[in-house]
Amino acid sequence: SIKEQERCANMSDERLIRQFTSMSASSSIKQTATLEEIKHRVYMIEKDTKNLVFKKIDGEVSPECESIDEYCFAAGQLAKYLINQSVAKEIKFKEISPLLNSVKCTEFKYSLDLMEKKYDHALRVYFPKLNNLLYLLHSVEFESRDMINKDAFLCGFVSENRLYAKKENSENKEEANNEEK
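As the structure is a computational prediction, the values presented were derived from the model and not from experiment.

Criteria and thresholds
Residues numbered from 1 in each chain as written. Predicted model: local features only at pLDDT ≥ 70, side-chain atom pairs only at ≥ 80, totals over all residues. Heavy atoms only, no water. Phe/Tyr/Trp six-rings, centres within 6.5 Å; stacked < 30°, edge-to-face > 60°. Helix = DSSP H or I, 4+ residues; strand = E, 2+ residues; numbered from the N terminus. Buried < 20%, exposed > 50% of the residue type's maximum accessible area, 1.4 Å probe, protein only. Axes fitted to C-alpha atoms, helices over the stretch in contact; angles between N-to-C directions. Parallel < 35°, antiparallel > 145°, perpendicular 65-115°, else oblique. Left-handed = near helix turned anticlockwise from the far one by under 90°. Contact = heavy atoms within 4.5 Å. Polar contact = N/O pair within 3.5 Å; in protein donor to acceptor, adjacent residues only side chain to side chain. Salt bridge = Lys/Arg side-chain N within 4 Å of Asp/Glu carboxyl O. Nonpolar A, V, L, I, M, F, W, Y, C, P; charged D, E, K, R; others polar. Core = buried A, V, L, I, M, F, W, Y, C linked by side-chain atoms within 4.5 Å.

### Regarding the packing of aromatic side chains
On inspection of all chains with the given rule, the structure shows seven aromatic pairs. Here the aromatic rings of Phe 108 and Phe 153 are separated by 5.5 Å at their centres, their planes lie at 85°, and the arrangement is edge-to-face. Linking Phe 108 in helix H6 (residues 105-118) with Phe 153 in helix H8 (residues 150-158), this pair joins segments that are 45 residues apart in sequence. A relative accessible area of 0% means that Phe 108 is categorised as buried.

### Quick look at the packing of H6 against helix H7 (residues 128-138)
Two numbers describe a pair of packed helices, the interaxial angle and the distance between the axes. Two elements in contact, H6 and H7, have axes separated by 12 Å at closest approach and are oriented at 150°. Judged by the inter-axis angle, H6 sits roughly antiparallel to H7. The two elements H6 and H7 cross, and the hand of that crossing is left-handed. The residues of H7 that touch H6, namely those facing Lys 109, Leu 112, Asp 113 and Glu 116, are Leu 134, Leu 137 and His 138.

### Thoughts on the side chain of Arg 162
Mapped onto the fold, Arg 162 is located in the loop between H8 and helix H9 (165-180). Only 2.7 Å separates the side chain of Arg 162 from the side chain of Asp 58, close enough to count as a polar contact. Arg 162 has contacts with Phe 54, Ile 57, Asp 58, Gln 77 and Lys 129, leaving out every residue within four places of it along the chain.

### Here we look at the pattern of salt bridges
A complete count under the given rule lists six salt bridges for this structure. Across the salt bridge formed by Glu 95 and Lys 118, the nearest N and O atoms sit 3.0 Å from each other. Remark: Lys 118 occurs in helix H6 and Glu 95 occurs in the loop between helix H4 (68-84) and helix H5 (97-101); sequence separation between them is 23 residues. Between Arg 145 and Glu 143 there is a salt bridge, with the nearest N and O atoms lying 3.5 Å from each other. The structure contains a network of salt bridges with shared partners spanning Lys 56, Glu 66 and Glu 70.

### So, the packing of H4 against H7
Where H4 meets H7, the axes come as close as 10 Å, and the angle between the chain directions of the two elements is 135°. Considered as vectors, H4 and H7 are oriented oblique to each other. Our pair here, H4 against H7, has a crossing hand that is left-handed. The segment H4 lies against H7, with Glu 70, Tyr 71, Ala 74, Ala 75, Gln 77, Leu 78 and Tyr 81 engaging Leu 130, Leu 133, Leu 134, Leu 136 and Leu 137. Counted by class, the contact of H4 with H7 contains ten nonpolar, one polar and one charged residues.

### A few points about the environment of Lys 150
In this structure, Lys 150 sits in helix H8. Through-space distance from the C-alpha of Lys 150 to that of Phe 73 is 8.8 Å; in sequence the pair is 77 residues apart.

### Brief notes about the nonpolar core
In terms of nonpolar packing, the biggest core is built from 41 residues, with Tyr 71, Leu 78, Ile 96, Met 115, Leu 137 and Phe 153 touching the most fellow members. Among the elements of the structure, helix H3 (35-58), H4, H5, H6, H7 and H8 are those that each provide at least two residues to this core. Top element by residues in this core is H4. It accounts for ten residues. Once you skip the residues sitting within four places of it in the chain, Met 115 turns out to touch Ala 79, Leu 82, Ile 83, Glu 95, Ile 96 and Leu 99.

As structure tokens, then:
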């Protein structure tokens, strides 16, 4: 419901993950999960998927998408980046609700495409990390039966956004150079 989504907009990252990872991607029946189970799933996604997707965004390896988990994590990264480009004073949780309400990869990909079109004014052509991320997301074709991994999407959404990593690295290098002098 809309009220539930607005309530979740103000939740902390951990509570957000807890709220939505209990939803089953394969059925409409809500399944409960303990916080420890959720933390374990998040840990496994971060351990197995996050570093590989970050390497693909950075251009260290070919940005071909190899799994649904990679796709969903990368989609979370793009969704967060696009939402951060919004000029709205207050960003509501409803911005990603079409993605979270999707069950199959085909409808998820369609919702992500609509989000890209909504924020296309913020997409720079000469931004290699963004280009790699878009290539990763658009290089995959799904079967109609493929289901999304909401855990991976939310991990990508709440994780540090790799598209901003260059700013941090260049600032750190400048600080290191200043300290050496």
